[in-house]
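One letter stands for each residue in the lines below.
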Amino acid sequence: VQLVESGGGLVQPGGSLRLSCAASGFTFRWFAMSWYRQAPGKERELVAEITSAGGSTDYADSVKGRFTISRDNGKNTVYLQMNSLKPEDTAVYYCNAFRNSIPKLDYWGQGTQVTVSS
């Protein structure tokens with residue numbers, strides 16, 4: 001099982017980035033997908049999530065209206081479009097795959113750094 005994030009980097013406040021997470025080794029379309037982030041000295045927090053078929057999404061209040069999660073089940077990839085970035089968005093962003101099966105299945109990527117600074 002692999003989740004490989006890409007697209008992070010340094011961006012100025014107000015800028016945009018698009019993160020990608022390429023999945024392999026499991027049946028991607030069966031899994032809900034999420035993006036989490038963890039800033040230095042803080043706990044990991046849920047940023048956005050999308051259902052397995054992509055029909056429903058949810059966002060943390062802090063990113064609503066600025067971030068958009070999407071997925072392409074044909075490409076086994078989930079995306080996070082981040083607009084109007086703020087310094088407080090600076091964190092390591094992690095991709096997560098979850099299936100509420102028995103047993104529960106929960107996979108994580110290695111993370112990608114996003115730094116918002118002038």
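Look up a bit, the structure's there.
Structure report, in brief. (Residues numbered from 1 in each chain as written. Predicted model: local features only at pLDDT ≥ 70, side-chain atom pairs only at ≥ 80, totals over all residues. Heavy atoms only, no water.)

**What to know about the state of the cysteines**
Inference 1: Applying the stated criterion across every chain yields a total of one disulfide.
Inference 2: Two residues, Cys-21 and Cys-95, share a disulfide whose sulfurs are 2.1 Å apart. Judged by the sign of its S-S torsion, about -80°, the cystine formed by Cys-21 and Cys-95 is left-handed. Here the residue Cys-21 occupies a position in strand E3 (residues 17-24), and Cys-95 occupies one in strand E9 (residues 91-99), the gap between them amounting to 74 residues.
Inference 3: Residue classification places Cys-21 among the buried residues on the basis of a relative accessible area of 0%. (Disulfide = S-S within 2.5 Å. Helix = DSSP H or I, 4+ residues; strand = E, 2+ residues; numbered from the N terminus. Buried < 20%, exposed > 50% of the residue type's maximum accessible area, 1.4 Å probe, protein only.)

**Some details on the sheet that holds strand E8 (residues 77-82)**
Sheet strands line up and pair through hydrogen bonds in the backbone, either parallel or antiparallel.
Inference 1: The strand order across the open sheet built from four strands is E1-E3-E8-E7, with neighbouring strands paired in antiparallel fashion. The two strands at the open ends of the sheet, each matched to only one other strand, are strand E1 (2-6) and strand E7 (67-72). Along the sheet, successive strands turn relative to each other by an average axial angle of 15°, direction set aside.
Inference 2: Sheet topology places E1 next to E3; five bridges connect them, and they run antiparallel. Across the sheet, the residue bridging to Gln-2 is Ser-24, located in E3. (Pairing = 2+ DSSP bridges. Axes fitted to C-alpha atoms, helices over the stretch in contact; angles between N-to-C directions.)

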